[in-house]
Amino acid sequence: MKGVSALVGALVTVVVVLGAWTVATAAGVSALVLPPLGSVAAAFVTLVRAPVTWAQVGVTATEIVGGFGIALVAGIVVGVALGRLRWLEQAARPALVAFQVIPKVALVPIFVLWFGFGPTSKIVLAALLAFLPITMNVLLGVRSVEPGHRDVLRQLGASRRQVLRSLDLPTAAPAVLTGAETAIVFAVIGAVIGEFLGGSQGLGHVVVVAMNSLDTPRMFAAIVLLALLGITLHGMVAGARRVLVPWHTSA
Amino acid sequence: MTAVHHVKAHAVHVAGVGHDHRRRRGPVTTALDGVDLTIAAGEFVAVVGRSGCGKSTLLRILAGLLEPTRGTVEVTGGADHVGMVFQEPNLFPWYSVRDNVALPLRLSGMDTARRRARADALCRDVGLAGFEDAAPGELSGGMRQRAALARALIRDPAILLMDEPFGALDALTRDEMVTDLADLHAAAGATVVFVTHSIPEAVQLADRVVLLTPRPGRVHAVVDVPLPRPRRDTTEPAFQDVVRQVRDALGAADS
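Chains are numbered independently. Their residues run from 1 in the order of the written sequence. Chain letters start at A and ligand numbers start at 1, both assigned in the order the entries are written. Local features in a predicted model are, by the rule used here, given only for residues with pLDDT of at least 70; side-chain atom pairs are given and counted only at 80 or more, and totals for whole chains, interfaces and linings are based on all residues.

All names here are of chain B. Only when DSSP finds a minimum of two bridges between them are two strands counted as paired. Under the DSSP-based scheme used, a helix requires at least four consecutive residues in state H or I and a strand at least two consecutive residues in state E, with every element numbered from the N terminus. In spatial order, the strands read β5-β6-β7-β3-β8-β9; together these six strands make up an open sheet with mixed pairing. Since the sheet does not close on itself, it has two edges, and those belong to β5 (82-85) and β9 (218-224), each with one partner. Averaged over all pairs of adjacent strands, the angle between their axes in this sheet comes to 20 degrees, without regard to strand direction. Lines fitted to C-alpha atoms define the axes, with helix axes restricted to the stretch in contact, and inter-axis angles between N-to-C directions lie between 0 and 180 degrees.

Looking now at the environment of B:R115. Residues and elements named next belong to chain B. On the secondary structure map, R115 appears in helix α4 (residues 112-125). Residues R115 and H19, spaced 96 residues apart in sequence, show a C-alpha to C-alpha distance of 37 Å. With sequence-adjacent residues up to four places away left out, R115 is seen in contact with A102, L105, R106 and M110. Contact between residues is assigned whenever the C-beta positions, reconstructed from backbone atoms, fall within 7 Å.

Residue and element names in this part refer to chain A. Taken N-terminus to C-terminus, the directions of helix α3 (residues 51-84) and helix α9 (residues 203-212) make an angle of 125 degrees; their axes are 7 Å apart at the nearest point. Classified by the angle their axes make, α3 and α9 are oblique. Each of Q56, V57 and T60 in α3 lies in contact with α9, whose residues at this interface are L203, G204 and V206. Any residue outside Ala, Val, Leu, Ile, Met, Phe, Trp, Tyr, Cys, Pro, Asp, Glu, Lys and Arg is labelled polar, Gly included; the first ten of those are nonpolar and the last four are charged. Partitioned by chemical class, the residues of the contact of α3 with α9 number three nonpolar, three polar and no charged. Small angles under 35 degrees read as roughly parallel and large ones over 145 as roughly antiparallel, with 65 to 115 read as roughly perpendicular and the rest as oblique.

Residues and elements named next belong to chain B. Cis peptide bonds are those with omega within 30 degrees of zero, and the linkage from R215 to P216 qualifies with -10 degrees. You can see P216 is positioned in the loop between β8 (208-213) and β9. Residues R229 and P230 are joined by a peptide bond in cis, for which omega reads -5 degrees. Relative to the helices and strands, P230 is located in the loop between β9 and α8 (237-254). The phi dihedral of N90 falls on the positive side, at around 50 degrees, and the residue is not glycine. Examined against the element boundaries, N90 turns out to sit in the loop between β5 and α3 (97-107).

Residue and element names in this part refer to chain A. Tracing the backbone shows A172 in helix α8 (residues 160-197). Remark: C-beta atoms are placed from the backbone, and a residue is labelled buried if 20 or more other C-beta atoms sit within 10 Å of its own, exposed if 12 or fewer do, or partly exposed between those counts. Owing to 25 C-beta atoms within 10 Å, A172 belongs among the buried residues under this scheme. In this structure, A172 is in contact with V138, G141 and V142, ignoring residues within four places of it in sequence.

In structure tokens, the structure reads:
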């Protein structure tokens with residue numbers, strides 16, 4: 001019943017938003033600002049029918065997944081190290097805080113300079129944005145091992161590897177996946193902003209080209225496609241969490 | 001009957017044991033000092049005292065979780081023959097009840113089929129039949145502590161260490177667990193060291209009650225419990241006499 005009412009609620013929201021959109025366009029809002037739903041739908045169909053669009057989707061998806069993958073591996077390694085070694089965390093804390101507050105988007109020109117206009121600079125930006133949420137969550141996850149659980153394994157004479165497998169990893173897993181859920185969203189942002197600011201490929205580039213040619217319906221259609229890509233990737237990460245940590249209450 | 005444990009081989013021998021807690025800042029506090037204790041094989045010993053008297057520290061030393069600052073500890077058979085039940089059940093939420101109970105066997109490398117059979121048998125023994133596949137979070141507090149007890153028993157320990165295992169349970173569940181533990185002990189015959197702050201609980205279960213007094217934790221008195229088993233009726237005058245005796249001894253320590 002809870003699922004049904006949630007579904008009805010979501011449907012109501014969609015209907016209200018689309019209704020307001022229709023009313024606004026019918027009331028004479030310029031099509032350049034807000035195109036009618038019909039023309040967006042038509043542009044969307046044209047967009048997804050063109051094979052070249054899917055090549056662009058592939059480019060953007062590769063950048064996101066590549067950046068996310070790098071951030072996941074680096075985040076777990078750095079997070080475990082910082083979580084285990086307090087002196088290292090204390091030494092690294094100023095750098096982490098600085099890293100947290102600098103607007104990473106401002107680094108895009110540097111990345112374009114270093115890694116070129118191709119996908120590499122976008123992967124780096126996506127990885128950079130996704131890195132912190134994973135690292136911080138892994139750090140917290142590793143720290144949240146209950147002393148009582150550790151005592152059980154110590155009393156049983158478990159080896160370091162057994163403790164890692166039976167305790168550290170399962171304890172950290174929910175936090176890692178929480179971090180991954182935030183990180184995949186950040187990776188999408190990183191890849192798309194990278195494409196906006198420098199490049200000739202990807203869905204972000206499609207949006208910019210449509211904007212420059214004042215093709216607003218196509219711009220909206222590309223944004224919808226980007227949103228769908230983001231939702232799909234986020235859904236996959238959230239699904240992984242339900243499969244991997246079913247015992248956790250937040251799953 | 002009371003003389004029997006002096007004849008049998010001892011299971012635990014503690015001589016001159018002391019432990020100092022060192023904090024990063026502040027003074028060193030002496031949690032235990034000059035504790036001598038010999039426990040016979042098969043004996044049930046309760047350690048009673050107020051919070052902070054070092055009774056948990058003593059148990060953690062026996063379990064090998066803590067190094068004593070002074071003195072010697074001998075546990076016959078070594079750590080492999082010791083099972084421990086903590087104040088909290090400390091079950092792993094990512095394992096089923098069965099896998100939690102079987103954890104000690106998995107660590108020692110027993111194959112899945114055998115440890116499954118052993119775990120299921122123990123779940124039956126402690127009254128968890130039918131809950132083998134449940135997640136720990138689905139159990140009540142008492143049942144979780146039963147699972148923790150099964151996990152402690154699965155390696156057939158010669159010595160069972162229990163650190164206020166029923167402290168977090170409601171009174172009714174607690175009575176039930178005490179009775180069941182007494183039955184299990186009668187059947188298995190393991191040596192038990194049982195830490196508690198409940199005097200009636202100690203008298204109901206133990207052959208001897210060791211009284212610890214705080215700052216620093218020392219053995220203040222040892223009271224024999226010459227009551228026949230099973231000790232179901234805690235309102236009997238003989239039972240109440242021993243309870244009073246222990247309470248008086250503890251009271252004498254305070255004045």
